[in-house]
Amino acid sequence: MRLYLIRHGQTDWNVAGKIQGSTDIPLNDVGRRQAACLAKGMERRPVSRVFSSTLSRAGETALAIGESQHVPVHRLRELEEVNYGKWEGLTMDEIGERYPRELEQWYLSPVEVAPPGGETQTQVYERCGKAIDSILKQADGDVAVVSHGATVVFLLEYMLQDEGRDAKDDIIVGNASISTVEYDPQTKKFTLTELNDREHLKGLL
């Protein structure tokens, strides 16, 4: 069984370098074109269903795949982006200016320290685990999982365990990218076979 982990298409806040988090920002025109190219790229990766974050930028991206392959889209709150609280809508420079102390504490211990009003990495990891468990229970074949930049990394960390934890800080997934994980239901082992594939976006990059 394959799980295709997909990051949503581009938004205006992506372009501006703003932290989006749980704020519901839609795709921009480029993001919608990326979603269409992604759906085309997924044609050689047929899925039985699509799972998506409830945020609209992921939902729009997921719907492009679902409509292309005529399969249902299931929305899961557990797939939402990391909640960055009061930092959402700000760039990292602005966060450093307005919340220097909190940012330093977060950098030192993000597992235990949350952005003001946000969630810790531990909380994100736990809900990503719930998402994967729910997806595996419902899956009846290969699936697409449409989420967000940081959340995709946490999903990979959960599935790959120590290997994923060691690599987590080095993993970056681009907008409308596909990362493929093979799951063996006999051994319950996950294997990463493809990371951050954006070949389908060639004409847009």
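As a convention, each chain's residues are numbered from 1 in the sequence order in which they are written. Totals for whole chains, interfaces and linings use every residue, but because this is a predicted model, local features are given only for residues with pLDDT of at least 70 and side-chain atom pairs only at 80 or more, for both listing and counting. The side-chain numbers reported here are obtained from all heavy atoms of the structure, hydrogens and water having been left aside.

*Asks:* Quick question: what am I supposed to make of the packing of helix α6 (residues 121-138) against helix α7 (residues 149-160) here?
*Replies:* When two helices pack together, you describe them by how their axes are tilted relative to each other and by the distance separating the axes. In the contact formed by α6 and α7, the axes pass within 9 Å of each other and the chain directions differ by 70 degrees. On the basis of their axis angle, the class for α6 and α7 is roughly perpendicular. Taking contact as the criterion, the partners of Q121, V124, Y125, C128, G129, A131, I132 and D133 in α6 are, on α7, T151, F154, L155, E157, Y158 and M159. Side-chain classes follow a simple rule in which Ala, Val, Leu, Ile, Met, Phe, Trp, Tyr, Cys and Pro form the nonpolar group, Asp, Glu, Lys and Arg form the charged group, and the remainder, Gly included, forms the polar group. Split into classes, the residues belonging to the contact of α6 with α7 amount to nine nonpolar, three polar and two charged. Axis definition: a line fit to C-alpha positions, over the contact stretch in the case of helices; interaxial angles, taken between N-to-C directions, run 0 to 180 degrees. The helix count covers DSSP runs of H or I at least four residues long, the strand count covers runs of E at least two residues long, and both are numbered beginning at the N terminus. For classification, angles of less than 35 degrees are called roughly parallel, those exceeding 145 degrees roughly antiparallel, those between 65 and 115 degrees roughly perpendicular, and all remaining angles oblique. Any pair of residues with heavy atoms lying within 4.5 Å of one another is described as a contacting pair.

*Asks:* What's the story with the pairing of strand β4 (residues 143-147) in this structure? I'm lost.
*Replies:* Along any regular strand, the residues point their side chains to alternate faces of the sheet. Partly exposed describes any residue whose relative accessible area lies between the buried limit of under 20% and the exposed limit of over 50%, with all areas from a 1.4 Å probe on protein chains only and scaled to the type maximum. Counting buried positions along β4 yields five of five residues, so the element is predominantly enclosed. Taking every second residue as pointing to the same face, both faces of β4 are buried, with V143, V145 and S147 on one and A144 and V146 on the other. Following DSSP output, two strands are said to pair if at least two bridges run between them. Note that strand β1 (residues 2-7) and β4 share five bridges and pair parallel. When the sheet's bridge partners are listed, R7 is paired in β4 with S147. As defined by bridge partners, strand β2 (residues 49-52) adjoins β4 across four bridges and the pair is classed as parallel. Bridge pairing in β4 links R49 to V143.

*Asks:* Where do I start with the side chain of N28 in this structure?
*Replies:* Take N28: it is sitting in the loop between α1 (12-16) and α2 (29-41). By relative accessible area, which is 11% here, N28 ends up buried. In terms of polar contacts, N28 uses its side chain to reach the side chain of Q10, at 2.9 Å. Here a polar contact is recorded for every N or O atom pair within 3.5 Å, except that within protein the pair must consist of a potential hydrogen donor and a potential acceptor, and residues adjacent in sequence are included only if both atoms are side-chain atoms. Here the side chain of N28 touches T11 through a polar contact of 3.4 Å, landing on its backbone oxygen. Among all residues touching N28, those that are not within four sequence positions of it are Q10, T11, D12 and V15.

*Asks:* Looking at this structure, how should I read the environment of K130?
*Replies:* Tracing the chain through its elements places K130 in helix α6. Judged by its relative accessible area of 56%, K130 falls in the exposed class.

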